[in-house]
Structures are given as C-alpha cells and as structure tokens.
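The residues making up each chain are set out below.
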Amino acid sequence: MRASSAIVVLSVLAAAWSGSPAPTGIRFEETAEKAGLRFVTSNSPTPNKNQIETMVAGVAFLDYDGDGYMDIYLVGGAAIPSLKKESPVYWNRLFHNNHDGTFTDVTEKAGVAGTGYGMGVAVGDYDNDGWPDIFVANVTDNQLFHNNGDGTFTDVTAKAGLQGAKLDGKKMWSAGAGWFDYNNDGLLDLFVVNYCKWEVNQDPYCTIGGGTRGYCHPNYYRPTHNALYRNNGDSTFTDVSEQTGIASLYGKGMSVSFADYDSDGFLDAFVANDTTPNFLLHNLGGKRFEEVGETAGVAYGANGAALSGMGADFRDVNNDGLPDIWHTSVEFETFPLYANRGRGDFADLTVASGLARPTSQMSGWGNGIVDLDNDGWKDLFVARSNVLDNIGKVVAERRYPEPNSVFRNLGNGKFQDVSAEAGPDFQKEAPHRGVAFGDIDNDGRIDAVVSVLGGPVKLFHNISDAGQSNGDRRTGPYHDRRRQFAMERGHDSGWVCLFQ
C-alpha cells in the first residue's frame with residue numbers, strides 16, 4: 001500500500017512539470033579580475049583547526065545607491081585568536097557597479113568594513129526608507145549597517161539591539177541570517193541562524209588518518225538555538241525568540257530561507273541544520289512558530305538520517321505555484337529536493353528528479369533555485385568544495401577544491417547536470433563557499449558571484465543564449481517590494497548565504 005501511494009505522489013507531482021522547455025545552453029564566463037572585483041576571503045587558517053576557519057561565506061547583491069545596477073557586498077573573516085579585523089585584508093568589502101561591467105571598491109567611503117569574524121550577510125530595508133541596509137552575521141558581535149542614502153552607512157547595531165543572542169552567558173556563533181516580515185505588519189523582521197557552541201583555540205584534537213590533525217566533525221560540538229528579532233518600527237528590535245518558540249529548538253543552523261509553503265498568508269522558515277534534523281518553522285498567524293520538519297518530510301534525508309545541511313533555497317521549481325525546498329550537504333548524502341505537495345507536506349524527489357546520483361559525489365555550500373536560461377523553468381546552482389582541506393590524505397581520490405555545478409530544469413520533473421557545457425571557466429576547482437545571484441549588467445540574464453575560501457572571488461557572467469527574463473531577475477532599483485525582497489533575498493544571507 002505504501003509503494004502504491006508513493007507512485008501516485010510522484011505521478012501527481014510529475015504532472016505539474018508540464019511542457020518541456022526548448023533546448024538551450026547555460027554558459028558562464030568568469031570576469032572578476034577584468035571587472036575589478038578583487039576580494040579574497042581571508043579566514044586565518046591555523047594548525048589548531050578552529051572550526052570557524054571552514055565557514056566564511058557571505059556574499060550579497062544589492063543596489064545600495066538606487067542607480068538601477070546591482071552592487072556586491074562580500075564578507076571576510078578576522079585574525080585568530082583575536083577575532084578582530086587587524087588589517088584591511090580581513091575587511092568586508094562593498095563594490096559599486098560602474099554600469100560598464102566593472103566595479104569600484106567603495107568600502108572605506110561607505111563605512112562597511114566590519115569589525116569581527118564574519119560569516120554571512122542579509123540585505124533588507126528594515127526602516128522602509130527605500131534604501132537597502134546590511135546585516136552581517138558574525139562569530140563575534142553581529143553588525144547592522146544603516147544605509148544613509150548618500151553612499152554611506154552607519155553602524156547602528158547597539159541602538160537596534162542586534163549584537164547577538166547569548167547562550168550560557170556567551171554570544172552565539174551566527175552563521176547566517178535573513179529578513180522577512182513574519183507578522184505582516186509591513187516591517188522586515190530578522191531571523192539569525194546560529195551554529196554551535198565554540199571557543200577560539202579550544203577545538204578538540206581530531207585526526208583524519210595517520211595522526212594528521214583535521215577539522216572535527218560537527219558531532220563534537222554542542223548545538224545552539226536560533227534567534228528571531230521583531231522590528232519595533234522605530235529602528236529598534238525586540239528579541240522574540242522565546243515567545244515565538246524559536247529558542248526552544250536546538251540545532252546547528254547553516255542557512256535560512258523563507259516562503260509561505262501552505263498559502264495561509266504568513267511566511268514560514270526553513271533552516272538547514274548540519275548533522276541535526278532540519279527545521280520547517282510553520283508560522284502560526286504571526287504569533288508563534290511550530291516546528292513541523294519531520295511531519296512535513298523535510299527534516300531528514302531519504303534514508304531517515306539527518307544530513308549535513310548547508311545552503312538552502314525555498315522556491316517553486318515545477319511552476320505549480322507552491323514553493324519547494326532544495327538544500328546542499330556533503331558527499332554520499334546527496335542534495336535533497338523536497339517537492340511541495342500542497343497538503344502541508346513534501347515529497348522527496350531527489351532520486352526521481354535525477355539529482356541523487358550526481359550530487360552523491362559532491363559537497364555543496366551555497367546554492368540557489370534560479371532560471372539561468374530564461375526558459376521559464378528555474379535551474380539549480382551550487383557552490384562546491386569539500387569541508388576538509390586535507391581530505392586527500394584520507395581518501396586519495398577526493399580533493400578539497402571542487403568545481404561548481406549547475407543543473408538545468410528540463411521541465412518534465414528531471415534535472416540535467418550541464419556543468420561540463422557551462423564554459424571552460426566553470427570547470428575550475430576551488431574551495432567555493434557562498435553564492436548570490438543578480439543581473440549585473442541588466443541584460444536580462446542572471447549572473448552569480450561565488451566566494452572562495454582563501455582565494456579570489458569569482459564573478460560568473462551569464463552568457464547563455466537565452467531570451468528575456470521570465471521574472472526571476474533579482475535586479476533593478478530597490479523600490480517598494482519589501483515583502484517580496486525578503487523572500488527572494490533570504491537565501492543570499494548565509495552561505496547562500498550561506499551560505500548564500
């Protein structure tokens with residue numbers, strides 16, 4: 001009986017993928033150096049193998065000056081053990097789009113270099129003045145930069161009350177964040193994803209074979225809870241984690257993304273957790289959140305085990321009007337695709353969609369669901385790298401740097417790995433981390449910026465033979481699209497932010 005039900009579910013969902021798109025090619029050219037986008041994600045790797053060294057990833061697109069062109073913000077780490085940006089090499093950096101395919105570093109003028117050990121970034125207009133503001137999630141105190149509308153920003157963290165939540169008297173390590181209006185009052189609220197309990201140079205001594213020290217598995221660290229801040233409408237925020245139920249949920253959060261998965265008019269949140277069950281936070285009328293990940297079918301992988309959740313996106317992949325979930329993990333786990341069945345639950349289509357086999361050999365960080373060839377069907381992009389910088393000493397055939405991957409949506413329930421045809425620049429390996437998406441030159445094609453741990457950032461200019469945009473450009477002036485912006489930009493805040 002269970003097998004028959006599964007067949008019916010897959011048939012119904014496949015029917016939503018009707019009308020295959022015309023064949024086209026997704027191609028990129030890497031133009032960061034030529035464009036003047038010069039940035040290295042400095043993470044201060046040490047012999048002590050501090051866990052934070054593996055995870056600096058923040059990258060975001062934003063039109064900070066309202067000129068109709070997308071600018072780029074990138075997050076850096078800090079020195080260890082001070083966890084301070086002791087030199088400009090660690091600065092977060094803001095690059096202004098010059099409208100000619102090049103960028104200018106305006107960090108100092110804008111005042112957004114940051115102070116602590118950075119992780120992720122979230123962009124949103126929290127005070128509804130028409131200018132996008134920047135929130136940086138840090139290992140140390142978080143930071144909120146208010147956009148003054150004149151090309152400069154002011155650090156208003158303390159005034160806003162957003163330095164970061166504490167656990168056992170210590171500020172939690174924040175990995176990412178996202179803006180969304182959870183109570184429908186027209187003001188963007190802030191969700192901060194926290195990872196694990198950690199102290200500098202206090203990581204366990206973990207070996208990966210032959211006595212070589214490596215970064216420890218997440219199981220060696222205690223989980224933390226996330227934080228939700230309600231926008232008070234006066235440029236301050238109130239931590240409502242306790243009263244909304246967020247603080248009672250412990251995990252190892254890596255990214256957050258938002259969508260109204262049950263069409264009740266309130267935005268819900270998906271948190272990808274690392275080696276602990278994912279959270280699907282059902283919004284109960286803007287008052288509280290109910291964790292329904294297990295009952296909804298998105299807490300675990302197909303084998304019933306918690307995955308190493310990394311980046312995540314929460315977007316409609318099959319054009320049925322319902323947001324689906326796709327998140328990344330590490331090798332041998334696959335990158336699961338959960339299709340929204342419209343009944344408050346999801347079906348795992350990782351195998352049926354053709355994603356299981358190729359992604360089982362990959363490790364992914366930031367990711368996105370975005371139409372890269374303008375055929376009306378959203379494709380899948382993932383920034384890839386192994387977690388361990390010395391993985392080759394354990395498994396000879398494994399490498400730390402990996403190439404990025406892109407999967408084309410065939411419009412029939414299947415995805416095709418077209419990475420090999422995406423251009424020679426796309427084949428180059430690196431320890432990729434975060435990714436953000438936007439149209440840098442307003443040509444109607446979505447481009448991608450990918451951060452590289454300890455290496456130069458990559459700007460993948462989309463040169464696909466594609467038509468005009470089908471509404472997923474994520475570009476143009478920052479006008480009065482606050483609620484939509486929060487949904488679209490949420491995943492850019494972490495690895496995706498993270499991680500993306």
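Not measured: the values here are computed from a predicted model. Numbering of residues starts from 1 in each chain and follows the order in which that chain's sequence is written. For this predicted model, a pLDDT threshold of at least 70 governs which residues receive local features, and a threshold of 80 or more governs which side-chain atom pairs are given and counted, while totals over whole chains, interfaces and linings are taken from all residues. Only hydrogens and water are set aside when side-chain values are computed; all heavy atoms of the structure are taken into account.

Participant: Can you walk me through the overall build of the protein chain in this structure?
Facilitator: Secondary structure summary: the protein chain contains 9 helices and 34 strands in total. The rule is simple: take the accessible area with a 1.4 Å probe, protein chains only, and divide by the maximum for that residue type; under 20% is buried, over 50% is exposed, in between is partly exposed. Out of the 500 residues belonging to the protein chain, those deemed buried represent 63%. By element, 51% of the accessible surface of the protein chain is carried by carbon and sulfur atoms, the whole surface being about 17400 Å². Working definition: helices are DSSP H or I runs of at least four residues, strands are E runs of at least two. Numbering for both runs from the N terminus. Method for areas: the Shrake-Rupley scheme with a 1.4 Å probe, in which residue coverage is limited to the protein chains shown.

Participant: What is the right way to read the environment of A383 from this model?
Facilitator: Within the element layout of this structure, A383 appears in strand β29 (residues 379-384). For A383, a relative accessible area of 0% translates into the label buried. For A383 and S405, which are 22 residues apart along the polypeptide, the C-alpha to C-alpha distance reads 6.9 Å. What makes two residues a contact is simply this: any of their non-hydrogen atoms within 4.5 Å. With near-sequence residues (within four places) excluded, A383 lies in contact with S363, G364, W365, G366, N404, H432, R433, G434, V435 and V450.

Participant: Help me out: how do you make sense of the sheet that holds strand β4 (residues 93-97) in this one?
Facilitator: Strand-to-strand pairing in sheets goes through backbone hydrogen bonds, with the strands running parallel or antiparallel. In short, DSSP must find at least two bridges between two strands for them to pair. With antiparallel pairing, the 4 strands of this open sheet are ordered in space as β2-β3-β4-β5. Two strands bound the open sheet, and with one partner strand each, they are β2 (59-62) and β5 (103-105). Taking the axes of each pair of neighbouring strands and ignoring which way they run, one obtains an average angle of 25° across the sheet. Across 4 bridges, the pairing between β2 and strand β3 (residues 71-74) is antiparallel. Residue pairing in the sheet places L62 in a bridge with D71 of β3. In this description, a line fitted to the C-alpha atoms serves as the axis of each element, helices being fitted only across the stretch in contact, and the angle between N-to-C directions of two axes falls anywhere from 0 to 180 degrees.

Participant: Would you take a moment to explain the environment of R38 for this structure?
Facilitator: Its location among the elements puts R38 in the loop between α2 (32-35) and β2. Between the C-alpha atom of R38 and that of T104, which follows or precedes it by 66 residues, the distance is 9.4 Å. Setting aside residues no more than four positions away along its own chain, R38 makes contact with E33 and F95. Residues adjacent in sequence count toward polar contacts only when both atoms are side-chain atoms; beyond that, a polar contact is any pair of N or O atoms within 3.5 Å, and within protein one must be able to donate a hydrogen and the other to accept it. Separated by 3.0 Å, the side chains of R38 and E33 make a polar contact.

Participant: How should I be thinking about the nonpolar core in this particular structure?
Facilitator: Generally speaking, a soluble globular protein has its nonpolar side chains buried in company with each other. Residues I52, Y117, M119, W173 and W198 are the most contacted members of the largest nonpolar core, which totals 27 residues. Apart from residues lying up to four places away in sequence, W173 is in contact with Q51, I52, M55, M119, N138, V139, V193, N194, Y195, C196 and W198. To define a nonpolar core, start from buried Ala, Val, Leu, Ile, Met, Phe, Trp, Tyr and Cys residues and group those joined through side-chain atoms within 4.5 Å. Counting residues in hydrophobic clusters, the runner-up holds 19 residues, among them L144, V156, M172 and L190.

Participant: Which parts of the structure should I look at to understand the sheet that holds strand β6 (residues 118-124)?
Facilitator: On the basis of which strands lie adjacent, the open sheet formed by 4 strands has the order β6-β7-β8-β9 and antiparallel pairing. Looking at the sheet topology across the chains shown, the edges are occupied by β6 and β9 (153-155). On average, adjacent strands in this sheet sit at an angle of 20° to one another, irrespective of strand direction. Sheet topology note: the β6/strand β7 (residues 133-138) ladder contains 6 bridges and is antiparallel. Across the sheet, the residue bridging to V121 is V136, located in β7.

Participant: Teacher, can you tell me more about unusual backbone geometry here?
Facilitator: Only a minority of non-glycine residues have a phi that is not negative, and only a minority of peptide bonds are not trans. The omega torsion of the bond from I80 to P81 falls at 20°, within 30 degrees of zero and hence cis. Within the chain, D168 stands out as a residue other than glycine whose phi angle is a positive 55°. At S235, a residue that is not glycine, the phi angle is positive and equals roughly 70°. You can see S235 is positioned in the loop between β17 (227-231) and β18 (237-239).

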